[in-house]
Structure formats: C-alpha cells, structure tokens
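Survey of secondary and tertiary structure
This is what each chain is made of:
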Amino acid sequence: MNTKNVKTFGILFIISLLLMSLAAQCAGSAEPQVVEKVVTVEVEKEVEVEKIVTVEVEKEVEVEKIVTKEVEKEVMVGNFSSASRAVEEAKQYAGTTLNVVWEAGLQSQDPLTMGPQWEALTGIKINVIELSYNDIYSNQLQDHLTGGGSYDVITFSPLWLIDFVNAGVVEPLNPYIEKYMNPADLEDYLPVYGAEGYARLGDTWYGLPDDGDVFVLYYRKDLFEDPDNMAEFKAEYGYDLAPPKTWQEFDDIGNFFTNKYAPDLYGGAIQRLEGQVYSFWYGPFSGNGGQFFDPDTMEPLINSDVGVQTLTEMVNQNKWMPPGVEKWGFVEVLSAWMDGQLAMVITWPPIGRWSAGYGATVEQLAWVPSTKVAGKVGYVPPPGRPTLAGGFSLGISPDSKNKEAAYLFIQWMNSPEISLQRVMLPYALRDPFRLSHFESPLYASLWPDAPEYLETLKEGALKGQFELGIPGAREYAEAVDNAATAAMAGTDPQEALDTAAQRWADITERLGLEQQKENYRLWLEGPWNKPGPEVELP
C-alpha cells in the first residue's frame, strides 16, 4: 500500500491477544486463563493524520502507527489458547516457507495481511499462491496426482471434499488436532459449518471450516417502508409490502418496484453470469421440495416438474430485472446495488458490510462504488432455502515437506481469536463461521445494523441447503450451470434440464451407479442436505 501523500487511509480492525503467561502459551496451565482482547487500528506510517475515530466513537486519538482499544475481558473456554500453542510450537520451524493456496483477488488479502504477523511471531514465511476459484480445484488435484508437492496448505470447498479425500489430496488432521488444538475450538463452529460433509467425513477432519458462505436477501428499507409504496402495493396485490417469504412474493415485489421506478430503479437483481449460476438454483430447487436423485435408482430428478418450475421462475424474474442481467456477475450486481438502482439483491455476505459503508476508505476496496444506501439496508434470508454457496476450509497437503508447520499455521489462522480478526477485515471476504463470531460484541459494534446482519447470516445458514457434495459434484454442478445459462439465453427450461439430467446420468454411470447410490444415501443423512422447505436441526 502506498503510504505517501495519502489523505484518506484504510482502517484495519485487528483483534490480538495480549501477552499471556509463558505457561499458558506452552499449554501447560490447567486453569482457565483470562485474556484481554484488543482491537488495533493500523494506520500508515507516513499518512497525514487528523484523527482516528474508534469503533464505538468514544474518543479521538492522534496516532502515527497503532491505536489500541481494550474491548472486553473473557474467561477462555478450556485450559489453553490454540493460537498461542500454535505460535510456540511453530517457532522450531523458523526459516521455513509455507506455500499456501488461496482464491485470487480480495480473498487472498486475508493471508497477505495475516502472513507477516505469523512470520513475525514464528519466523515462518507465508508464500500465498493465488488461483481462480475453478483453478483451486483442478490445480491442487493435478499437483497431487502428478506428485508435484507444490503446496503445503490446501484450500477446498465442501463441494470438492469427497473428491479430494478419494484422490488423497488432503491429509487427515485428527492427529494434529489431538496434539495441538484446544478441543473446545471444535465446539465453537456454527453446527452447519462443523457438520459432516463441510470439512470432515465421519469423525475424520480433513480441514478446519474457515468461511461461512450463505446467500442473503438485501432490501431497501426506505422503499419498503415508504407509506405511498405500502399503500399502492397493498391495493394492487392484496397483502402488505414486506420482505418476501416466498418466490411469488419476490416476483410481485420485483414487478411492483420496476413498474413504478424503472429505468431509474429496478425491483432487484441476481447474478446470472455462467460459472456460478447453479448456486442460485440449488437452494430454491431444494426449498421447493426438489430431490437431486431418486435415492433408490439414482435417476436424476433435476428435470422434474419442481426443477423446471424453479428454473422457469428464475428466467421470469429476469423480465423485471435490469436489461442485460443475464450476463451480470457479482460486480455488476454490487455496482447497481451500491448506486441505489435496485430494491433487492440476493448474493453473498460481503455486500451487506460494504453497503453499510464498512471499509469504505480501505485501499483494497477502492474499486467498490461508494455506497448510496448506507443506513437503508435490511437483511433477511432468501425465500425458501438459502444456498450454502461456496465456503472454504483449510487443510494440509499429504505431499508437503512441512506438514507440522502447515498445520500449526492453519490452527493459528482458524483459532477463535485470530479468525475473529479475519472475518472483520472489511476486504478479505471470509464470513462469520464460529459461534463466537456471531456472539462477538465487537463485531456487532462495527456498524449500526451489524447485529441484525449477524443474526441473518446465522439464521440463513441454519436453514440453508448445501450444494450437492458427492463424488463428481463439480461435474454435476457444471451441468446445471450450463442448463441455467442456456435457459437464460432462451432455451426452454425443460429442454435445458433434460440435457443436464442426461449429463448427470452419464457422470453417475462412469463413476459407478451402485457406489454413487451409497454415496448419495450417506449424503442425504446430513440435515442440510435433505430436500424440502425446512431443516430439521440436529
């Protein structure tokens, strides 16, 4: 970051542990330790500083480098800190370099920010290898199968877990967890992210859950609460204007706002660009009662009446969305929303933070349009079942020559105190995934509506639908993506899904019908995998 002649500067909220006793760092203490969490605000050394306003706007402090603010004291769960243990154990590997795979772009700002801190603490250098989302899958798989040994820390989505396990791409973590981790950390994951199929199979952990991705519906409270809009909508549709609970209501509301305000404002937008559009079909399909396969025969059911209905609804929604939405990706949706041109969007969590203005002065977000909707945004889960779309876990490569050091790094990154720092970075895209994240008073203080935001992420995740996670999951997803993209371009939804269903049948046959039947049966045992509008929580 260029620090010279910068008037506005980025504020980086970092929570760090104060120095604990040596015994606690070495995990020797059997008594709960009291730790103080602080938030540090890093500012550039050569920035012309007028003032820093703390998170709770309590005081103004002139600074050159760092301002710290104590926020709370908590009694630690368990008898030691996993973060401190990882640091102390890792010092023996000082001088080592770890190759860490991360998604390119803003995601990689996370390890690029935290890596230097880890190096300062342990002497271990972090080399971040940035790959596109699709290349993360193929490159890591290919590297292992060819014996390349290029990576130490592996990144994977739940969608790829079983493929990676079957191919031997990820190392079982249980021996490391039992040796180094505070067991209480495993109980701190929101149940959906700690569930089988996300980062573990059975009792074997292949990764540490590290991201809470779920779709959220954002809506303009000022438009929904406008008396004229409320009266006109009630007169036209016969029910009160409120955040939609069904896809029919979503369609009604979208049409209403477009008909009244277009072209200045449209009813909403959803990402339709090929590559990830399947994620926007999976959740609604399941919420409508759709089943991916017949469990007894493995016949694909994506082209059933429910599947066609779901895709048809998506195509019809485009009619009241902005022209050209069929080619809109994340950035287009973000830009129109931030500019105040949309009444609703359904997308990933970061938009909720950015539209509130959180991180607006950070250099990494200079490409994000200035928000015109701050203080006007409401949050609710999408109708039916939100898709648990994407998400990441951190694992270690079986081909790494530095497995112990690699594990200690991901334990440090994933620990409750360090991961809270990371999910509060305004630009790094990791979203809350631990119970302690959702319950954090500090996170809840970051902007006025942050408590509502956190509650919505939690509610949506607990009622969400996982993307299909059996062997061949990536191929199955691509077939649905191709079908949805074709339908957006004018192909009849039934025809598009028939083609996808045949592709699914071919994939199943190639991988082995009986084996896939058993894999699907096991997958359906997960509460967030079962079809239907509700999730029966464990």
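Residues numbered from 1 in each chain as written. Predicted model: local features only at pLDDT ≥ 70, side-chain atom pairs only at ≥ 80, totals over all residues. Heavy atoms only, no water.

Residue Pro 263 is bonded to the preceding Ala 262 through a cis peptide linkage, with omega at 10°. As for its placement among the helices and strands, Pro 263 is situated in the loop between helix H10 (247-261) and strand E13 (269-270). For Met 298, which is not glycine, the phi dihedral falls at a positive 65°. Following the sequence through the fold, Met 298 ends up in the loop between helix H11 (279-287) and helix H12 (305-317). Met 298 gets classed as buried once you look at its relative accessible area, which sits at 3%. (Helix = DSSP H or I, 4+ residues; strand = E, 2+ residues; numbered from the N terminus. Buried < 20%, exposed > 50% of the residue type's maximum accessible area, 1.4 Å probe, protein only.)

As a further point, take the sheet that holds strand E12 (residues 216-220). With mixed pairing, the 4 strands of this open sheet are ordered in space as E13-E14-E12-E15. Both outer strands of the open sheet, E13 and strand E15 (377-380), are each paired with one neighbouring strand and no more. This element, helix H13 (residues 330-338), spans E12, E13, strand E14 (344-347) and E15 of the sheet and lies at about 150° to E14. (Pairing = 2+ DSSP bridges. Contact = heavy atoms within 4.5 Å. Axes fitted to C-alpha atoms, helices over the stretch in contact; angles between N-to-C directions.)

Between helix H15 (residues 403-414) and helix H16 (residues 416-424), the least distance of the axes is 5 Å, while the angle of their chain directions is 65°. Considering their axes alone, H15 and H16 lie roughly perpendicular with respect to each other. Of the residues in H16, those touching H15 at Trp 412, Met 413 and Asn 414 are Pro 416, Ile 418, Ser 419 and Arg 422. In terms of residue class, the contact of H15 with H16 is built from 4 nonpolar, 2 polar and 1 charged. (Parallel < 35°, antiparallel > 145°, perpendicular 65-115°, else oblique. Nonpolar A, V, L, I, M, F, W, Y, C, P; charged D, E, K, R; others polar.)

A few words on the layout of surface pockets. Taken as a whole, the largest pocket holds about 710 Å³ of empty space. Lining the largest pocket are 28 residues, and of these Glu 103, Tyr 133, Gln 276, Phe 330 and Leu 429 sit closest to its centre. Looking at the lining of the largest pocket residue by residue, the class counts come to 14 nonpolar, 9 polar and 5 charged. (1 Å grid on protein atoms, 1.4 Å probe; cavity = no way out; pocket = protein on both sides within 12 Å on 5 of 7 lines; lining within 4 Å. Points joined across faces, edges and corners; volume = space filled by probe spheres on them.)

What follows deals with empty space enclosed by the protein. This structure, assessed with the given rule, holds 2 cavities of 30 Å³ or more. In this structure, the largest cavity occupies an estimated 130 Å³ of space. Taken together, 16 residues form the lining of the largest cavity, with Trp 247, Ile 270, Phe 280, Pro 284 and Ile 346 sitting closest to its centre. Elements with a minimum of two residues in the lining of the largest cavity: H11 and H12. Tallying contributions element by element places H12 first for the lining of the largest cavity, with 4 residues. Residues of the lining of the largest cavity, tallied by class, amount to 10 nonpolar, 3 polar and 3 charged. Here the second largest cavity defines a volume of roughly 40 Å³. Lining the second largest cavity we find Ser 157, Pro 158, Leu 159, Leu 388, Gly 390, Phe 466 and Glu 467. For the lining of the second largest cavity, a count of residues per class yields 4 nonpolar, 2 polar and 1 charged.

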